[in-house]
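A look at the structure
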Amino acid sequence: MTSPVRLQHYIDGVWRPGTGTPIASYNPAHPDEVVAEGLQAGPAEVDKAMAAAVAAKREWSRTPAHERGAVLLRAAVVIERNAENWGLELAREEGKTRAEGQGEVLRAAQIFRYYGNDGDRTAGEIFSSPRRGEKILITRKPLGVVGVVTPFNFPIAIPAWKIAPALAYGNTVVWKPASTVPLLALRLAQALDEAGLPAGVLNLLIGPGSMGNSIVEHPALDGLTFTGSTSVGRRLVAAAAGRGVPIQAEMGGKNAAVVLADADLDLAAEQVLLGAFRSTGQKCTATSRLIVAESIADDFLATLAERASALVVGDPTDPAVQIGPVVNDGARKSIHDGIDAALSQGARLIVGGQKYDDGDPISGYFVPPTILELPADQELDVWREELFGPVLAVRRAATAEQAFVLANDSEFGLSAALFTQDVTRALEAVDHLDVGILHVNSESAGADPHVPFGGAKKSGYGPKEQGAAAKEFFTHTTTVYLRGGTAGA
Ligand SMILES: NC(=O)C1=CN([C@@H]2O[C@H](COP(=O)(O)OP(=O)(O)OC[C@H]3O[C@@H](n4cnc5c(N)ncnc54)[C@H](OP(=O)(O)O)[C@@H]3O)[C@@H](O)[C@H]2O)C=CC1
Ligand SMILES: O=C(O)CCC(=O)C(=O)O
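Residues numbered from 1 in each chain as written. Chains lettered and ligands numbered in written order. Predicted model: local features only at pLDDT ≥ 70, side-chain atom pairs only at ≥ 80, totals over all residues. Heavy atoms only, no water.

By the naming in an unreviewed UniProt entry, the protein chain goes by Aldehyde dehydrogenase family protein and is assigned to Arthrobacter sulfonylureivorans. You can read under Sequence similarities (unreviewed entry) in the UniProt record for the protein chain the words "Belongs to the aldehyde dehydrogenase family." (UniProt positions renumbered as here; feature names shortened; annotations may be inferred.)

1. A closer look at the overall build of the protein chain
Scanning the protein chain for helices and strands turns up 15 helices and 23 strands. With respect to the principal axes defined by its C-alpha atoms, the protein chain has extents near 80 × 60 × 40 Å. Across the 489 residues in the protein chain, those meeting the buried criterion constitute 56%. A separation of at least 24 residues holds for 73% of the contacts in the protein chain among residues at least 6 apart in sequence. Accessible area of the protein chain: about 19300 Å², with a carbon and sulfur share of 52%. Measuring between centres, the 44 positive side-chain charges of the protein chain sit 10 Å from its 57 negative side-chain charges. (Helix = DSSP H or I, 4+ residues; strand = E, 2+ residues; numbered from the N terminus. Buried < 20%, exposed > 50% of the residue type's maximum accessible area, 1.4 Å probe, protein only. Contact = heavy atoms within 4.5 Å. Areas by Shrake-Rupley, 256 points an atom, 1.4 Å probe, with all protein chains shown as cover. Lys, Arg positive; Asp, Glu negative; His and termini not counted. Charge placed at Lys NZ, Arg CZ, Asp CG, Glu CD.)

2. Remarks on the packing of aromatic side chains
The final tally for this structure, using the stated rule, is seven aromatic pairs. Measuring from centroid to centroid gives 4.8 Å for tyrosine 10 and tryptophan 15, while their planes differ by 40 degrees, and the two rings are tilted. Residue tyrosine 10 is classed as buried on the basis of its relative accessible area, which comes to 1%. Pairing phenylalanine 152 with phenylalanine 388 gives two aromatic rings, centres 5.8 Å apart and planes at 90 degrees, and the pair type is edge-to-face. Note that phenylalanine 152 is positioned in the loop between strand S8 (145-149) and helix H5 (157-168) and phenylalanine 388 in the loop between helix H12 (381-384) and strand S17 (391-397), a separation of 236 residues in sequence. Cluster of aromatic residues (ring-pair linked, three or more members): Tyr114, Tyr115 and Tyr169. When the ring centre of tryptophan 383 is taken as origin, the NZ or CZ atom of arginine 289, which lies over that ring, is 4.7 Å away. (Phe/Tyr/Trp six-rings, centres within 6.5 Å; stacked < 30°, edge-to-face > 60°. Lys NZ or Arg CZ within 6 Å of the ring centre and 35° of its normal.)

3. Remarks on a nonpolar patch on the surface
Where nonpolar side chains cluster on the molecular surface, the patch consists of Val423, Leu427 and Val430 and spans about 300 Å² of accessible area. Within the element layout of this structure, valine 430 appears in helix H14 (residues 423-432). (Patch = residues over 30% accessible without salt bridge, like charges linked within 9 Å, V, L, I, M, F, W, Y side chains within 5 Å. Salt bridge = Lys/Arg side-chain N within 4 Å of Asp/Glu carboxyl O.)

4. Quick look at the site of ligand 1
Around ligand 1 lies a shell of 30 residues, among which Ser179, Ser229, Met251, Cys284 and Glu386 are the nearest. Phenylalanine 152 places a main-chain nitrogen or oxygen 3.1 Å from an oxygen atom of ligand 1. Here an oxygen atom of ligand 1 sits 3.0 Å away from a polar atom, N or O, in the side chain of lysine 176. The protein chains hide 86% of the 900 Å² of surface that ligand 1 would expose on its own. Class assignment of the residues belonging to the shell around ligand 1 gives a composition of 15 nonpolar, 11 polar and four charged. (Near = heavy atom within 4 Å. Polar contact = N/O pair within 3.5 Å; in protein donor to acceptor, adjacent residues only side chain to side chain. Nonpolar A, V, L, I, M, F, W, Y, C, P; charged D, E, K, R; others polar.)

Here's what the structure looks like:
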């Protein structure tokens, strides 16, 4: 067994032990195994971190974008160098497979590289003026001190796509990661420290959810970026709006895959399974609803069932394993409660659903890939509520139009996938589906760093993340009416 890593907080460029209560993270595949431990940050550390971020903000905002970018590029190199070890740590602490863990670490490096090169992109705009002798310039400036609150399911990639643009655009950061999975936060802060980030520009506080409140309520805060559950996100949106602090919040999803009768069914089956079950379904972009054309439904569901039951569930550090545990016991229980409720409300179990309570396959927090078909005309909670686990709810549609209506039948609108070989249908879906991200003939999850990421409807609030969209949130504009200083010029 590997010894636990010691957790520390990174404040004003110094590693500090913390003055709060003890905290530990556990391996969800072997819950007795402590992965990291230490003391939480307390209110004194929140104040110190905010003060450090305030003190550093003027100098960092005046540092040329290319110099800021150089730090991010060096951090990308450190992250890449450690991808194998940190990917393994991620698998041990969060539960995704080792390959996915390593992939996530490399994704973080890619994001740092993208924003590290931001100095080479446009920094503003110039408009012509209706008046002679004048130009109108739009320049961008950082918000100032930005709070970053991140979820457990992508413990380095999501922080990377918030922190890298925040820093690239000249903000300073106070970051509170999810307390169930703090180790990769420590690693990311170590990478930036090693890359030579000046003291106070990034401050990492490991602590409980309530610390997120202390950050949003802090008078020195100039902006907050949050990803996590809808319930916490809505509270933070209300708190930030009440204080006039700009906030960006990415929240829940209930993402649909639509499989039309003319789809390549082999491709569709492969991609639906990846979307539903990779990372044990713990992605905000995971496929949790499937709408399948009536005429092909029996065959398609039979194929899905056969392939889903062949997926290997177990310790995510074993290379043969395809589905690791969910993050903790609370998650396992609430996912099983959701499955049980659906079954008692009339859903038909196609595959999965069994509890591994008796130590089979092992004693961790495992939930089998589960597919449930819902009655045609009944409202079931599993169609509406995010379970955040490997559970796929299925309905049949008689026509493509009905399939699109069912896909939109959710308060969320993060991502969707459509499987068809008919370009006209695909174009209809582009217009019809109310989502922030649409994949045609690929799974509902996945995002590139150079294009906007975020949800429509209740999935997101405020400007989108990633790519050039991130600039909208992390900067504000000054419109400059610029004339020469000579009368009559
Ligand atoms: N739309 C998107 O882009 C994404 C959305 N998500 C969503 O995130 C959820 C899963 O992540 P999960 O970590 O469980 O989400 P949570 O909302 O539970 O936690 C997210 C973060 O908020 C913190 N937090 C908890 N309570 C409070 C509070 N009262 N005030 C301020 N901060 C608080 C958490 O801290 P602590 O861990 O200490 O409790 C954590 O750092 C799912 O709903 C998923 O859909 C996930 C990824 C992407
Ligand atoms: O789709 C992805 O790869 C990342 C999306 C994400 O942030 C999530 O699923 O939590």
